[in-house]
Each structure stands twice: as structure tokens, then as C-alpha cells.
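As a plain string of letters, each chain reads:
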Amino acid sequence: MPRHELPIDIISRNAGPAAVAAAVVDAVRVIQVARSSAPALITGETGTGKTRMAHMLHMLSRCAGRTLLCVNCAAMPPSVTESELFGTRRGAFTGATDRPGLIEACNGGTLLLDEIGDLPLPAQAKLLSTIEEQKVRRIGSNESTKVDVRILAATHVDLRRAVREGRFRADLLYRLDVGRVHLPALREQEDGIRSAVWRLLAELGVPHARLAAGEHERLSRHAWPGNFRELRNALQRAMIHGSLDALRPAEHIMELVAPDAGSPRASGSSGVEAASDQPAPWPTAADVQKHHALVTYERFERNVERAAQALGVAPVTLRRWLKKWKSECSAQEGQPYGEGSMYDGPIGSLDLRRIDCDRSR
């Protein structure tokens, strides 16, 4: 979009009063957090624009014009996380050299720690010390270096729950959660689809694209689990399959949405529900043992003595197993073992109801 035009300008022209009022309130909160030098935590679901919000906080802060470094904590191997963030001193370990870490390299600017919930616990402790003391100590060094870095953290997980589960330090959460910016999901925003579509169309270079009547309502019926990222991709695909100055009808846009991206908010006009695509449950050790024993029993023509010898168990043990499986089969309305399971095939026709567990042949 043009440099002189802010997102709120586009919203005010194309959205309702509720969206404009919400945008004004959110803008005031963002400016308040940006002007502070304290750490800030950006929360929200995947695709709500947490990285873009970090860029906005940086541009509105005293660090504007300086370095903004974005680090994805989930993409760093745990074994090198500390050396990447805090740097190393020559001789600290084999192959180590004097090298500043990402925090030290970002001195005077802003450091975004994206997916902060995936940061290993040892690195969390060192990060807490760095934030509180504004000093960083390289691995293998006894000296600390003074740094002036604004720390921003972003996450799509519930950090308070992670604290209860022992995956995140409570003291680090308290230190990061000084200034908070929560980005609501697209489905939670009043008049969100309408304002989001106009804003994204402006960013895609087609602010005057024509949308068919009722198109926003049809788009609003989708849950958009990928939020703005998913909506942006859908609009881009519609532009590719349509034209640059006019989008295809919304039902065509929805056809271009990934089928497994999520379920609609409300039932559509067709009234057809998608079938469940849940995978079959993975077999347990007991399932594997049962399958192997029954295959062996069938292979030896249901001779308990010979089958038990091949299995390496006593005949009385195999009889006890068969009796147990027979009772389980009766409790399940007598379905043959293997019907509808991962193991139908070799013993798919073996009906446990007809097994005489007391035979001694």
C-alpha cells in the first residue's frame, strides 16, 4: 500500500463503524506498547500477523531505523540455541571461536524471539538474566557485555499452560508479559472479514477489486483456521484464476481453499457433512500379540499343542488366551477378529465364537 496510507485509512473507507472503533482502540494500545522500552509479548493464533505486529512495534519505538532481528526459536536446534543467542568464546568447546551472539549483534535495536514457547529451559534461564541485567555473557567467557536491546516475544501457544506443565519458566513469562499485544483470530473480530478483505486487497495491489453481492457473507461462514494468512492466500489464488481487477465469486474462492484447512462456521446450503478422515488407531502390543498368536493357531490347523510349542508358551496359556479373546469377541456382538481392523487378511475369516478353547488336540 502507499506509504502515506495506514491500514486504519483503508478500514475507515470500506468497513463499518465497529471495525473503525476497534481499529482506533487497538492503534492506541499498540502505540503505548511501542513507546515503552520494556519487553513485550505478542500472542495470537497462527496467521494472525504476530511478526508484522513486531515490525510495527519496532517502527513506532525509539529503536526505529536501527536493527530489527527476527529469530524463530522453533527453527534452532536445541544444541546450538545458547551459542546462537549468546555467542561463544574461543576454546569454550571444540571448534568454538570468538563470535557474538544474536542478542549482542542486535545491540541498540529490537530482537524478536518468535515461537518463544519452543525455547529450551537452559536458554530461558540465560535469557531472563540478560533481560534483567541488560548484559550478555558468551559461552565460555567470565565477562559480561553491556547491551541495549528491546526484546519482543511472540507465541501461538498458551504460555501459562506451558508453565503449569513445566515447559516454560514462570519468572521469564512475568518478565516478558510487561507489555502485551493480543491479536484476535479472524473469526473473533466483528466485521473482521469485510475489513480484512479490503485491507488485503489493497496490499495485493487491487484495492478497487469488485466483489459480488453476498460475497462477504459467504466468506464469513468459513472458520479460517489459518486466519489472515489463509485468507490472503485464498485471495491470491482467486486473482491468479480470475483477473487483476475483479475477483471471481466467493464460492469459487472457497473452492480454492485447502479442503483440510478447517470446517465452516455454519452449515452450508448443501447440508452435506464431510466424512471423517480419522486414521485407524495404531495397534498396541496386545493387538500384535493377539494377531501373531491367532495366525500361528490357524497355521497349525487349530492344534493347541503344536501352536503353543511354536509360540514358546504352555498349552494352558494359549487356551487361556483363546478363552479370553472368545469372551471379548462375544461382548463385541460376535464380530470375527480382523473385520474392519488393520489385520484383516490372513485371519479375517477366523470366527472366535466357533473356537473350542477346551480342545486338547
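In this text, all values refer to a predicted model and were calculated from it rather than measured experimentally.

With respect to helix H9 (residues 192-203)
Residues that lie three or four places apart on an α-helix share one face, since the helix turns once every 3.6 residues. Over its 12 residues, H9 runs 16 Å from end to end, which matches the ideal 16 Å to within 8%, given 1.5 Å per residue. Of all the 12 residues making up H9, 11 are buried; the element is thus mostly covered by neighbouring parts of the structure. Here H9 has its buried residues at Gly-192, Ile-193, Ser-195, Ala-196, Val-197, Trp-198, Arg-199, Leu-200, Leu-201, Ala-202 and Glu-203. Count one or two residues on from H9 and you reach Gly-205, which has phi positive near 90°.

Here's the deal with the sheet that holds strand S2 (residues 68-72)
Spatially, the 5 strands line up as an open sheet ordered S2-S5-S8-S1-S9, and their pairing is parallel. Edge positions in the open sheet fall to S2 and strand S9 (179-183), since each of these has one partner strand only. With direction set aside, neighbouring strand axes in the sheet form an average angle of 15°. Where S2 lies against strand S5 (residues 110-114), 5 bridges are found, and the strand directions are parallel. Bridge pairing in S5 places Val-71 opposite Leu-113. In the packing of helix H3 (residues 50-59) onto the sheet, the strands contacted are strand S1 (40-44), S2, S5, strand S8 (150-155) and S9, and the crossing angle to S1 comes to about 150°.

Side note on empty space enclosed by the protein
A complete count under the given rule lists 1 cavity of 30 Å³ or more for this structure. Estimated volume of the largest cavity: approximately 30 Å³. The wall of the largest cavity is formed by Ala-34, Arg-35, Ser-36, Ser-37, Ser-61, Arg-62, Cys-63 and Arg-150. In the lining of the largest cavity, the residues fall into 2 nonpolar, 3 polar and 3 charged.

What counts and how
- Residues numbered from 1 in each chain as written.
- Predicted model: local features only at pLDDT ≥ 70, side-chain atom pairs only at ≥ 80, totals over all residues.
- Heavy atoms only, no water.
- Helix = DSSP H or I, 4+ residues; strand = E, 2+ residues; numbered from the N terminus.
- Expected span 1.5 Å × (residues − 1).
- Buried < 20%, exposed > 50% of the residue type's maximum accessible area, 1.4 Å probe, protein only.
- Pairing = 2+ DSSP bridges.
- Axes fitted to C-alpha atoms, helices over the stretch in contact; angles between N-to-C directions.
- Contact = heavy atoms within 4.5 Å.
- 1 Å grid on protein atoms, 1.4 Å probe; cavity = no way out; pocket = protein on both sides within 12 Å on 5 of 7 lines; lining within 4 Å.
- Points joined across faces, edges and corners; volume = space filled by probe spheres on them.
- Nonpolar A, V, L, I, M, F, W, Y, C, P; charged D, E, K, R; others polar.

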